[in-house]
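Results of the structural survey
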Amino acid sequence: MFTKLDIDCLVIILEFLQDSPSSLFSCALVNRSWCKNSLPILWRNPWHDSIIDSIDPIRRRRLLISKFIATLPTSSKSILIKNKIILPPPIINPIFDYSVFIRYLNLDALKLTIKSWIYDSNSPKEFHGVVCPQITVVARELLHYFLKKSPSIHSIEAKYGNDLLEILLDIIHSNPDSRTRITDLKELICHGALKVVPTFFSDISRISKGIQRLIIDPYQDTEHLATLIKSQKNLKEITIGHSYTSPISTSSREAVLSALSNSRSITLLKIKYMYFPLIHLANLVNLEELSLQGFGKREVMNEIWEPLLNISMLNLKKLFISSLFTNANLDIFSKFIQNSPKLQELTIRSSRISDPENSKLLLSSISQSCRNLVRFEGPIMDQNVNELSQLLYSCPNLSFLYLHPSTEYYFMQDQMNFDDLLKEITRIQPPHLDLLKIARGWKFSGDLIGKFLESRKLLGKQICLYWSQSISTTDSLDEIVKKYYDEGVFIHYNRNKYEDFDNYLNQSISSKSFIKKNFS
């Protein structure tokens, strides 16, 4: 019997807990060896949501900044004192210099924690009106120390307009040693409006060549993003979102698209509310996940999808399409799916479908080509019972099923009858199905829901069931659902929870506020 866990094995186990700071903290209390190996993982990202958004966030933020300030050199503490910042009580010989462990820089979280610390440790009344300069002073000293002590920063997250981003770049430019700390940057996440540092992307592109994950949402008009993309040697995941409040020039868009199409290492591409000519997908031969959210262009109709007819994505595993301004074309989607044999997750959302009758063709294509499918959300007609049956038999690993009525226009429709489809799902009872969602636009018999749930009960298989509040039923559905909930058939159920798609489509027509929302 092993009496001592091998250190290498211990580190591997602890790495699995990197998203659970409370568990890592408990591990650090076991003994000296566990503490030594837990703390570097615990403190690599001290801005983790579960730390900042804890039960007592103010206290957590105060302790976080206090620990960092306690390790600052005397020169930095003197600067803080000169700016009338009250330092925490001195800690004699801190056991660890936590800045050494930092690998993630979340500038917005850092600013929030500093602000909370200043208001908590200093008197807001006494320093009223000078809090922002104090935040800047503390942030500069901490960032300078982080870039001095940490051997490598792997992730930077910031808002473009965040003044801490300007401070960070100033430190990098003025100190060559600080620049070396971000040469191994793996992740860059930027949100907000590009106001403070217009050449930020170019600055990063000259220093960091190994970024693997890039999120720019919303994207603002700058050709420097193309420079950043082109400079990366192993870019794997990229998300670009567009804000309608800031139009994108043709030259800027074309530069970014050209850079994307030549990044053959990309495995994940998410385009949000931004026109992206699909012909560029042909070059992304290693793509495994494609998300086109809020996709389309008012002046371009069905031809927007035509490039998909000639593209084979042999490695694609996840496909998410939500079209707002352009009609979905199920015929083209069906042919594209036939050329994507590894699909495991498929989502098709649209407020308008040019060929709703081709839902039959879509389902048949899935059955023939996507045997490993585990998640399907898409359109279906009430008469597509045979095609649904074929899909359920052909995709034995299906666990998530969300069915929309296949209609030309999502809101201008008579309700379709879901009863025959529900009977077929009840008859087959897919072995791994654990979530069924029924969109608005359907009507069904509450009695058939009861039979479906009774079948699940007899098989000993729990289910999550969600349906739109607007659905018409012929029986007292609430009583039926409550009965089977009391009998333990449900993992969870809700008749309102998944109105998000309906709200999403409503807002796309009535308001531009939908741009800020994510329904992935």
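Residues numbered from 1 in each chain as written. Predicted model: local features only at pLDDT ≥ 70, side-chain atom pairs only at ≥ 80, totals over all residues. Heavy atoms only, no water.

Right, let's get into the side chain of Ser-150. Positionally, Ser-150 belongs in the loop between α8 (131–149) and β2 (155–159). For Ser-150, the side chain forms a polar contact with the main-chain oxygen of Ser-152, separated by 3.2 Å. Ignoring any residue separated from it by four or fewer positions in sequence, one finds Ser-150 in contact with Ser-99, Val-100, Ile-102, Arg-103 and Arg-181. (Helix = DSSP H or I, 4+ residues; strand = E, 2+ residues; numbered from the N terminus. Polar contact = N/O pair within 3.5 Å; in protein donor to acceptor, adjacent residues only side chain to side chain. Contact = heavy atoms within 4.5 Å.)

Moving on to the pattern of salt bridges. Scanning all chains against the criterion turns up 15 salt bridges. A salt bridge links Lys-482 to Asp-486; its shortest N-O distance comes to 3.0 Å. You can see Lys-482 and its partner Asp-486 sitting in helix α19 (residues 477–486), four residues apart, about one turn around the helix. A relative accessible area of 49% places Lys-482 in the partly exposed class. Lys-483 is the partner of Glu-487 in a salt bridge, and the nearest nitrogen-oxygen pair spans 3.2 Å. (Salt bridge = Lys/Arg side-chain N within 4 Å of Asp/Glu carboxyl O. Buried < 20%, exposed > 50% of the residue type's maximum accessible area, 1.4 Å probe, protein only.)

Now for the pairing of strand β13 (residues 435–438). The alternating pattern of β13 places Leu-435 and Lys-437 and Leu-436 and Ile-438 on opposite faces, both of which are buried. In this structure, strand β11 (residues 400–405) lies alongside β13, joined through four bridges in parallel fashion. By the bridge assignment, Leu-401 is partnered in β13 with Leu-436. Here β13 pairs with strand β15 (residues 463–467) via four bridges, running parallel. Bridge assignment links Ile-438 to a residue of β15, and that residue is Trp-467. (Pairing = 2+ DSSP bridges.)

Before going further, it helps to examine unusual backbone geometry. The backbone phi angle of Lys-84 is positive, close to 60°, even though this residue is not glycine. Positionally, Lys-84 belongs in the loop between α6 (74–82) and β1 (104–106). Its identity as a non-glycine residue notwithstanding, Gln-429 has a phi of 45°, on the positive side. With respect to the helices and strands, Gln-429 occurs in the loop between α17 (419–428) and β13.

This next bit is on the nonpolar core. Within the largest apolar cluster, 142 residues are counted, with the highest numbers of intra-cluster contacts made by Leu-269 and Leu-281. At nine residues, the largest contribution of residues to this core is made by α8. Other than its neighbours up to four places away in sequence, Leu-269 contacts Ile-238, Leu-260, Phe-276, Leu-281, Leu-284, Leu-287, Glu-289, Leu-290 and Ser-291. (Core = buried A, V, L, I, M, F, W, Y, C linked by side-chain atoms within 4.5 Å.)

Restricting attention to buried positions, one finds in helix α2 (residues 21–28) the residues Pro-21, Leu-24, Cys-27 and Ala-28. Angular distribution of buried residues about the axis of α2 spans 115°; they occupy a single face of the element. (Arc of directions from axis to C-beta.)

A word on the confidence of the model for the chain. Low pLDDT marks stretches whose predicted atomic positions should not be read closely. Chain-level statistics for the chain give a pLDDT mean of 83 and a share of 82% at 70 or above. Counted against residues more than four places away or in other chains, residues 125–130, with its pLDDT under 50, gives four contacts. (pLDDT = per-residue confidence, 0-100.)

Summed over all chains, the structure comprises 13 aromatic pairs. The interplanar angle of 55° and the centroid separation of 6.3 Å between the aromatic rings of Trp-47 and Phe-146 together place this pair among those described as tilted. On the criterion of sequence distance, the pair formed by Trp-47 in the loop between α3 (32–42) and α4 (49–52) and Phe-146 in helix α8 is long-range, its members being 99 residues apart. Ring geometry for Trp-467 against Tyr-493: centres 6.3 Å apart, planes inclined by 5°, an arrangement best described as stacked. Taken together, the residues span a long stretch of sequence, with Trp-467 in strand β15 and Tyr-493 in strand β17 (residues 490–494) at a distance of 26 residues. Take Trp-467: its relative accessible area is 4%, and that puts it in the buried class. (Phe/Tyr/Trp six-rings, centres within 6.5 Å; stacked < 30°, edge-to-face > 60°.)

Moving on, we get to the pairing of strand β7 (residues 289–295). Across the seven residues that make up β7, a large majority, six, are buried. Direction of pairing for strand β6 (residues 268–272) relative to β7: parallel, over a ladder of five bridges. The residue of β7 that forms the bridge with Lys-270 is Ser-291. The pairing of β7 with strand β8 (residues 318–323) spans five bridges and is parallel. Across the sheet, residue Glu-289 finds its bridge partner in β8, namely Lys-318.

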